[in-house]
Amino acid sequence: MQQTEFQARQEKLNIRKTISQYLYKWPWFIASMLLFVAGAYIYLRYSVPKYQSKTTLKFDKKQNDLSSALADLDNLGIGLGNADELKSEAAVVNSRPILMQVVKNLNLNVEYFSAGEIKDSQLFTNAPITAKILAYTNEKFVSSQYSISEIKGDQFTLHSEKKKDVTGKFNIPLQLDFGTVILQRNSAIKPNSEYKIIFSNPIEKVKKLEKTIQVNIPDEKAMLMEISLIGSLPEKSEAVLNEVTKQYNLDGLRDKNLQAKNTQEFIDKRLEVITKDLSGVENQKEDFQNRNRIVDLQAQAELALQNTSENTKVLLQQQAQLDLLNSLSTEASKGNNQLMPSNLGLNPSLEQSISQYNLLIISRNKTLKQATNENPAVIEMNREIASLKSIIRDNINEQKQTVQTGISQLQNQIATSNNVIEKVPGQSKVYRGIERQQNLKEQLFLFLLQKREENAINLSVEVPKAKIVNPAFTEDTPVSPKKDIILPGALFLGMLIPFAVFYLLFMLDDKIYNRDDIKERSGLGVLVDIPSLKDNENHLVQKNDFSELAEAFRVLVSNLKFVLPTKDSAKVIMVTSSVKGEGKTLVSVNLALTIANKNGRALLIGSDIRNPQIQRYDSEPVKRKGLTEYLYDDSVNVEDLVHTSTTNPSCDVIYAGSIPPNPQELLSNGRYQKLIEQMSSEYAYIIIDSAPLMLVSDTLSIADTADATLYVVRSGVSKNILIDFANDLVRDSKLTNVSFVVNDVSRRAGGYGYNYSYGYGYSQTKDKNSWWKKIFKS
């Protein structure tokens, strides 16, 4: 629970720290916002407002009945079938041929301006002078600008920055460097007025229109097209849009008329070909009917089929009679004692003879019952029976010949009919093919005749390609510059840019500024923040001093009591740093001056014998013997090295002395520890001003003599990596009882400011600098 509260408190402090970093830079934010707002105001004041002009076209979905003569064949015409065709028309609207015609009709390649003190005003319909390019002599010509002045009657002078002045007259062609132009005066020219004329190549204006004219399709199903243009002159933009729609419809009419003419020629050519083909098919049909003696092929086929059926029935009957006659002939060839079949539906004479024959047989048989064969009556009957049977056989043979003849005739007739029927499919196929060609040619011939009349009507009717729903109009509100966006945007950028710059600087900044930066990277304590001093301020703590510097060192002395061990001999305090310039000597000197008093004297030893700095704070800089002489000369007495400070009589100083060639050997020869041991009985505190740890190893040779180590870092100079270096030294037990002292801390880095931290009730003098100096100094 406590850990969670601590983390929440840490996050709150980090957020507060981050916000305070940016709040401290508030003058830059204010200056940036004022600069951007002023720039936005100037831009709004002198920028040319631009307005959006629009026009709307509507296309027909369905095919117009009079739109195309061949609409039924290939769907040609001015109507659009679907949304894809509408999108393709959007490219046509913004095509170069149409835009080139717009530029020529409106003379857009010549622009007019009324010169002003700051900006020029463009003129269009109200220009007192108009010009037109008659011919071009320079093919690479892009644009050329002239100013017209010195107008006297019909004479004028054209000035150019890069070309010679040209004098000409109105309504008379004038030769310029790019071609021939003619100028006209439309209205009276104001005195002392200057006008500018810009001549441009038409293709350059077309390229510009291609980029500025926007074609949108708001609703594909509604078949609507919206054309818009943004410009500084609404009347010019509206004229351009109206001309674009006009030229688009004219282009569509030209395409339609050209299509209709091509269709007319096509129809006439096809009619000639179809007429010849139709005549040939009709001659072919006539020849086929004559060769095959056909009037009505279907009727003739049905008649042949009927005849075949009837003849087949008769043939079957005749064959049945023939079979019957053959059977009867067999019976007739037998003896004269048997009766013959009768009533068989044969020839009546044959039937009568058979009846007589059967009656005679019956009569004879009755007579034989009463008489013998020799009976004359019987003999006569036998003679008659034989005679009748002979007649019957002759009659049967004649009848058989007749029936056979009829059968042959019927078979011939059936074969003839079958032959006719067999020819019908082939003849019908050929005949149908001829009739099909004839019908096709006739339909196509009539269709082309109808379409030729429709095409003639279509040529005489001018239907626009697209209906203009909304003629060109301009919105009242300008699209640029937008005041409601630019001013807030300027304020936003005025805040964003310095924020981005400071964010980048803060992100790349790897320096230490206050104790919080140390606490983030180390678990060692921070005893005090030494305030930043100006060059003209006193860098030494004086007697009865109530400055921020003195208060800071009093706090340091108070905090040292909780760090130093309790012992009877002197408490040894070593002051060191990582690199040169972090203020360890300043801390050492002022600590010694502050901690020394009547009840406890203090000794300051300058132990940085490579680069001694204590002399900078001595009011009597005289070359004296010091620590170096004591370390290499056993005959030197300590009493000869000690000097009393002029600032605080309770503070003594041993200076570093001469710079030796072998500092490391001197500090490690054992005499330094002997010196500390000897002085510990005479002083309450011994302060050691040592060398920087990262540059040389001298300090580590004497670190074992210190009861506490003050590790000095300088705000805004020392880097975070130095804290890691100090942590490594403590972890490796090379330094003991280490605490940090943050030197040169500004009011911003200190958080609340030293007027509250150290100067309560002891404010010296107020800063008389003006507020703007404070801003830029901070």
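**Structural notes on the overall build of the protein**
For step 1, the next point in the chain: Scanning the protein from terminus to terminus reveals 22 helices and 21 strands.
For step 2, the next point in the chain: Residues classed as buried in the protein amount to 40% of the 778 residues present.
For step 3, the next point in the chain: The contacts of the protein with a sequence gap of at least 6 include a subset with a gap of at least 24, amounting to 76%.
For step 4, the next point in the chain: Carbon and sulfur atoms make up 52% of the accessible area of the protein, which totals about 44,500 Å².

**A look at the sheet that holds strand β11 (residues 214-216)**
For step 1, the next point in the chain: Read from one edge to the other, the open sheet built from four strands follows the order β11-β12-β1-β13, with strand pairing classed as antiparallel. On the outer flanks of this sheet lie β11 and β13 (467-474), each paired with one strand and no other. Averaged over all neighbouring strand pairs, the angle between strand axes comes to 15°, with direction disregarded.

**Focus on the pattern of salt bridges**
For step 1, the next point in the chain: On inspection of all chains with the given rule, the structure shows 18 salt bridges.
For step 2, the next point in the chain: R96 is the partner of E210 in a salt bridge, and the nearest nitrogen-oxygen pair spans 3.1 Å. Here E210 is found in helix α6 (residues 202-212), whereas its partner R96 is found in helix α5 (residues 96-106), with 114 residues between them in sequence.
For step 3, the next point in the chain: On the basis of relative accessibility, which here comes to 26%, the residue E210 falls in the partly exposed class.
For step 4, the next point in the chain: A relative accessible area of 39% places R96 in the partly exposed class.

**Digging into the sheet that holds strand β15 (residues 571-577)**
For step 1, the next point in the chain: Taking strand neighbours across the sheet as the criterion, the eight strands line up as β14-β21-β20-β15-β19-β16-β18-β17 in an open arrangement whose pairing is mixed. At either margin of the open sheet sits one strand with a lone partner, and together these are β14 (526-531) and β17 (642-644). Taken pair by pair, the neighbouring strands of this sheet meet at an average axis angle of 25°, ignoring direction.
For step 2, the next point in the chain: Against the sheet, helix α19 (residues 720-731) engages β20 (708-714) and β21 (738-745), with an angle of about 165° to β20.

**Topic: the packing of α5 against α6**
For step 1, the next point in the chain: Across the interface, α5 lies against α6 with an axial gap of 9 Å and an inter-helix angle of 120°. Between α5 and α6 lies a crossing of right-handed hand. Residue-level contacts link R96, L99, M100 and V103 of α5 to P202, I203, K205, V206, K207, L209 and E210 of α6.
For step 2, the next point in the chain: The class makeup of the residues in the contact of α5 with α6 is seven nonpolar, no polar and four charged.

**A short note on empty space enclosed by the protein**
For step 1, the next point in the chain: For the coordinates displayed, the defined rule picks out one cavity of 30 Å³ or more.
For step 2, the next point in the chain: In terms of lining, the largest cavity is formed by Y112, F113, L123, A127, P128, I129, I148, Y195, K196 and I197.
For step 3, the next point in the chain: Looking at the lining of the largest cavity, the elements with two or more residues in it are β2 (110-114) and β10 (195-200).
For step 4, the next point in the chain: Per-element tally for the lining of the largest cavity: the top contributor is β10, with three residues.
For step 5, the next point in the chain: Tallied by class, residues from the lining of the largest cavity come to nine nonpolar, no polar and one charged.

**Some words on the packing of aromatic side chains**
The geometry of an aromatic ring pair is captured by the separation of the ring centres together with the interplanar angle, meaning the angle of the planes.
For step 1, the next point in the chain: As enumerated under the stated definition, the model contains 10 aromatic pairs in all.
For step 2, the next point in the chain: Considering the side-chain rings of F178 and F199, the 5.3 Å spacing of their centres and the 40° angle between planes classify their relative orientation as tilted. Placement of the pair is F178 in the loop between β8 (174-175) and β9 (179-185) and F199 in strand β10, with a sequence separation of 21 residues. As far as burial versus exposure is concerned, F178 and F199 are alike and both buried.
For step 3, the next point in the chain: Arranged with centres 5.6 Å apart and planes meeting at 65°, the rings of Y711 and F740 form a pair that is edge-to-face. With a gap of 29 residues between them, Y711 in strand β20 and F740 in strand β21 connect regions that are remote in the sequence.
For step 4, the next point in the chain: Looking at F740, the relative accessible area reads 0%, which means it is buried.

**Observations regarding the confidence of the model for the protein**
For step 1, the next point in the chain: This prediction gives the protein a mean pLDDT of 78; 79% of its residues lie at or above 70.
For step 2, the next point in the chain: In this model residues 63-77 is a low-confidence stretch, pLDDT under 50, and it forms 33 contacts with partners more than four residues away in sequence or in other chains.
For step 3, the next point in the chain: Ignoring residues within four places in sequence, the model shows residues 750-778, a span with pLDDT below 50, making 32 contacts including any to other chains.

**With respect to α5**
Since the α-helix packs 3.6 residues into each turn, any two residues three or four apart lie on the same face.
For step 1, the next point in the chain: Three or more residues of α5 are buried, namely I98, L99, V102 and V103. The buried residues of α5 occupy one face: seen down the axis, they fall within an arc of 140°. What points out from α5, more than 90 degrees from its buried face, is the exposed set P97 and K104.
For step 2, the next point in the chain: Just downstream of α5, N107 is the residue with a positive phi angle, here 55°.

**Concerning unusual backbone geometry**
For step 1, the next point in the chain: Following S480, the chain continues into P481 via a peptide bond in cis, with omega recorded as -5°.
For step 2, the next point in the chain: Looking at where P481 falls in the secondary structure, it is placed in the loop between β13 and α11 (483-508).
For step 3, the next point in the chain: One non-glycine residue, S733, adopts positive backbone phi at about 60°.
For step 4, the next point in the chain: Note on placement: S733 falls in the loop between α19 and β21.
For step 5, the next point in the chain: At D744, a position not held by glycine, the phi torsion is positive, near 60°.
For step 6, the next point in the chain: One can find D744 in strand β21.

**Here we look at α19**
For step 1, the next point in the chain: Between its first and last C-alpha atoms α19 spans 17 Å; for 12 residues at 1.5 Å apiece the expected length is 16 Å, and the two agree.
For step 2, the next point in the chain: Those residues of α19 that fall on the buried side of the exposure criterion are N720, L722, I723, A726, N727 and L729. Seen from one end, α19 has its buried residues packed into an arc of 165°, which puts them on one side. Exposed side chains of α19 directed beyond 90 degrees from the buried face belong to I721 and R731.
For step 3, the next point in the chain: The inward-facing, buried residues of α19 abut α12 (515-519), β20 and β21.

**Let's talk about the environment of Q678**
For step 1, the next point in the chain: In this fold, Q678 is placed in helix α17 (residues 671-679).
For step 2, the next point in the chain: Taking relative accessible area as the criterion, Q678 reaches 30% and is therefore assigned partly exposed.
For step 3, the next point in the chain: C-alpha of Q678 to C-alpha of V638: the two residues are 40 residues apart in sequence and 9.0 Å apart in space.
For step 4, the next point in the chain: Contact partners of Q678, with chain neighbours within four places excluded, come to Y630, V638 and E639.

Here is what the cut-offs are and how they apply
- Residues numbered from 1 in each chain as written.
- Predicted model: local features only at pLDDT ≥ 70, side-chain atom pairs only at ≥ 80, totals over all residues.
- Heavy atoms only, no water.
- Helix = DSSP H or I, 4+ residues; strand = E, 2+ residues; numbered from the N terminus.
- Buried < 20%, exposed > 50% of the residue type's maximum accessible area, 1.4 Å probe, protein only.
- Contact = heavy atoms within 4.5 Å.
- Areas by Shrake-Rupley, 256 points an atom, 1.4 Å probe, with all protein chains shown as cover.
- Pairing = 2+ DSSP bridges.
- Axes fitted to C-alpha atoms, helices over the stretch in contact; angles between N-to-C directions.
- Salt bridge = Lys/Arg side-chain N within 4 Å of Asp/Glu carboxyl O.
- Left-handed = near helix turned anticlockwise from the far one by under 90°.
- Nonpolar A, V, L, I, M, F, W, Y, C, P; charged D, E, K, R; others polar.
- 1 Å grid on protein atoms, 1.4 Å probe; cavity = no way out; pocket = protein on both sides within 12 Å on 5 of 7 lines; lining within 4 Å.
- Points joined across faces, edges and corners; volume = space filled by probe spheres on them.
- Phe/Tyr/Trp six-rings, centres within 6.5 Å; stacked < 30°, edge-to-face > 60°.
- pLDDT = per-residue confidence, 0-100.
- Arc of directions from axis to C-beta.
- Expected span 1.5 Å × (residues − 1).

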